[in-house]
Amino acid sequence: MRKHDSIHYTARDLAFRGSVFSPAPLNVNFRTLQPAVSKDQRRVSMKHILLTLLIFFISGFLSTTYSSEHSFVLDYTYRITLHDGSSHIVQVISKSENAITAKGISGWGITIELDKIEKSELLYGEIRNGRYIQYDPNASRLLFIPTARPIQHGAGSIALYEMVFPLVSFGLGNILTLSGGAPFIAFSGRDYFYFAPKITPFSSGNLDLAFGAMYMGMWEYEDDDAGILYTIGTLGSSAKALTIGLVWSYQYDVTNDRLGMDYEPEDRTSKPIAILGGELLINNAIKLLTENWIPLDGDNALTSLAVRFIGSEMSADMGFFAPTPLFSDRTGRWIPWASFVYNFGYR
């Protein structure tokens, strides 16, 4: 067998095999492919694209994380530590050259002179009903699928899913969210990458509407790819919300000679898969999540339940996915789910 007669698994094999996400894999023969550029050139090109995005994300992180000392923004919430050692969570109401006026958790207004402040920390939350409520910086996503909420302009995250799949995300203009990454390990001897843009054209109060995609391809071959397209809506606050959407998975098959027969390149798109998700904040550190994939033309759903542990910058999701037959009492094998996220730039 010659070198180019070898077969390999395609991008869609990274999805849950045998589930509602993708059909059975096909063997692909690349003898007939005539790429416009060499594989090495294509690999370098895609790496340059992801490297450029990573530099862009890091520069945004540096520009939004570090600010001048005692720089306060009206209506934002801060943890202020004074030289006498006392610490206060306050919402800034007004400011002057030498002092700020703020509302404390008790609801009373206080004036703090700037020269008495040892350090200040901007918090991602608000004072409500006599207590501090911390926002979830991961409100732009459930477990795997995004919510309709955008990532804040200038904010972003560095995530690791299932200890294998890193994902870097960044928000632009409170409308566009860009995400991308590549697995730490190769699958079937092939190196993959993924890119996931999301656009939120409508955001008003507690209702957000968005659409987006996740593209998955290989460094070596540009004609062997798979992914999902989705439209989604989220109703509610960061503390309690419902997410509903539709997902279409797609794949592109290049020419192959399986069983000695030739097939023309083919695009395959699944029928819609309904998404039903929810989130409920228990306290400032714990949130319950569920994300469920329900095929409109099948009898096997994918359900999930997880707990999100929320910190000021770090967070972690721990839970499981489970294939669930819709019309029988049988249950599928549980799939453990874990992700770790570092958030930056949130205001």
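Scroll up to find the structure.
What comes next concerns the included structure. (Residues numbered from 1 in each chain as written. Predicted model: local features only at pLDDT ≥ 70, side-chain atom pairs only at ≥ 80, totals over all residues. Heavy atoms only, no water.)

**Here's the deal with the overall build of the protein chain**
Helix and strand counts for the protein chain stand at one helix and 20 strands. Within the protein chain, buried positions represent 43% of all 347 residues. Of all intrachain contacts in the protein chain linking residues separated by at least 6 positions in sequence, the fraction that spans at least 24 positions is 49%. Carbon and sulfur atoms make up 60% of the accessible area of the protein chain, which amounts to about 18400 Å² in all. (Helix = DSSP H or I, 4+ residues; strand = E, 2+ residues; numbered from the N terminus. Buried < 20%, exposed > 50% of the residue type's maximum accessible area, 1.4 Å probe, protein only. Contact = heavy atoms within 4.5 Å. Areas by Shrake-Rupley, 256 points an atom, 1.4 Å probe, with all protein chains shown as cover.)

**A look at unusual backbone geometry**
Phi angles above zero are rare outside glycine, and Glu-162 is one such case at about 55 degrees. Here Glu-162 lies in the loop between β8 (156–161) and β9 (165–172). By relative accessible area, which is 29% here, Glu-162 ends up partly exposed. Although it is not a glycine, Met-163 sits at a positive phi angle of roughly 65 degrees.

**Focus: a nonpolar patch on the surface**
Taken together, the side chains of Met-163, Phe-309, Met-318 and Phe-340 present a nonpolar region at the surface, about 370 Å² in accessible area. With respect to the helices and strands, the residue Phe-309 is situated in strand β18 (residues 300–310). (Patch = residues over 30% accessible without salt bridge, like charges linked within 9 Å, V, L, I, M, F, W, Y side chains within 5 Å. Salt bridge = Lys/Arg side-chain N within 4 Å of Asp/Glu carboxyl O.)

**What to know about the pairing of strand β17 (residues 286–295)**
Put simply, side chains in a regular strand alternate between the two faces of the sheet. Across ten bridges, strand β16 (residues 273–283) lies against β17 in antiparallel orientation. Counted as the bridge partner of Gly-277 is Glu-291 from β17. Linking two consecutive strands that pair antiparallel, namely β16 and β17, is a turn of two residues. Where β17 and β18 come together, five bridges link them in antiparallel fashion. In the strand pairing of β18, Leu-288 is matched with Val-307. The turn linking β17 back onto β18 is made up of four residues. (Pairing = 2+ DSSP bridges.)

**Some remarks on the sheet that holds strand β3 (residues 99–104)**
Strand order in the open sheet formed by five strands is β4-β3-β2-β1-β5, with antiparallel pairing between adjacent strands. Here the strands that pair on one side only, and so sit at the sheet edges, are β4 (109–113) and β5 (117–123). Across the sheet, the axes of successive neighbouring strands diverge by a mean angle of 45 degrees, strand direction being ignored. In this sheet, β4 lies alongside β3 in antiparallel orientation, the contact comprising five bridges. When the bridges of β4 are listed, Thr-101 appears paired with Thr-111. (Axes fitted to C-alpha atoms, helices over the stretch in contact; angles between N-to-C directions.)

**Description of the pattern of salt bridges**
According to the stated counting rule, one finds eight salt bridges in the structure shown. One salt bridge connects Asp-136 with Arg-308, and the closest N-O pair in it is separated by 2.9 Å. You can see Asp-136 sitting in the loop between β7 (131–134) and β8 and its partner Arg-308 sitting in strand β18, a full 172 residues away along the chain. Owing to a relative accessible area of 2%, Asp-136 belongs among the buried residues under this scheme. When its relative accessible area of 0% is taken as the criterion, Arg-308 is described as buried. The partner of Asp-317 in a salt bridge is Arg-141, and the shortest N-O contact between them spans 2.9 Å. Of this pair, Asp-317 sits in strand β19 (residues 314–325) while Arg-141 sits in the loop between β7 and β8; the two residues are 176 residues apart in sequence, bridging distant segments of the chain.

**Details of the nonpolar core**
With 24 residues, the main nonpolar core has Ile-145, Ile-228, Ile-232, Val-247 and Trp-293 as its most contacted residues. At three residues, strand β13 (residues 225–236) tops the list of elements feeding residues into this core. Sequence-distant contacts of Ile-228, defined by excluding residues within four places in its chain, comprise Phe-144, Ile-145, Gly-212, Ala-213, Met-214, Val-247, Trp-248, Ser-249, Tyr-250 and Trp-293. Among the nonpolar cores identified, the runner-up in size contains eleven residues, and Phe-72, Ile-80, Leu-82 and Val-90 belong to it. (Core = buried A, V, L, I, M, F, W, Y, C linked by side-chain atoms within 4.5 Å.)

**Some details on the side chain of Thr-147**
By the secondary structure assignment, Thr-147 is in the loop between β7 and β8. The class of Thr-147 is buried, set by a relative accessible area of 0%. If we ignore the near neighbours within four places in the chain, the residues touching Thr-147 are Ala-139, Ser-140, Arg-141, Leu-142, Lys-198, Ile-232, Thr-234, Thr-243 and Glu-279.

**Some points on the environment of Asp-136**
Sequence separation between Asp-136 and Ile-286 is 150 residues, and the spatial gap between their C-alpha atoms is 9.5 Å. Once you skip the residues sitting within four places of it in the chain, Asp-136 turns out to touch Tyr-124, Ser-238, Lys-287, Arg-308 and Ile-310. There is a polar contact of 3.0 Å between the side chain of Asp-136 and the side chain of Lys-287. A distance of 2.9 Å separates the side chain of Asp-136 from the side chain of Arg-308, its partner in a polar contact. (Polar contact = N/O pair within 3.5 Å; in protein donor to acceptor, adjacent residues only side chain to side chain.)

**Some points on the environment of Ala-239**
Along the polypeptide, Ala-239 turns up in the loop between β13 and β14 (240–253). Its relative accessible area of 26% is what places Ala-239 among the partly exposed residues. Remark: the alpha-carbon pair of Ala-239 and Lys-287, spanning 48 residues in sequence, is separated by 8.0 Å. Apart from the residues lying within four places of it in its own chain, the contact partners of Ala-239 are Glu-279, Leu-280 and Leu-281.

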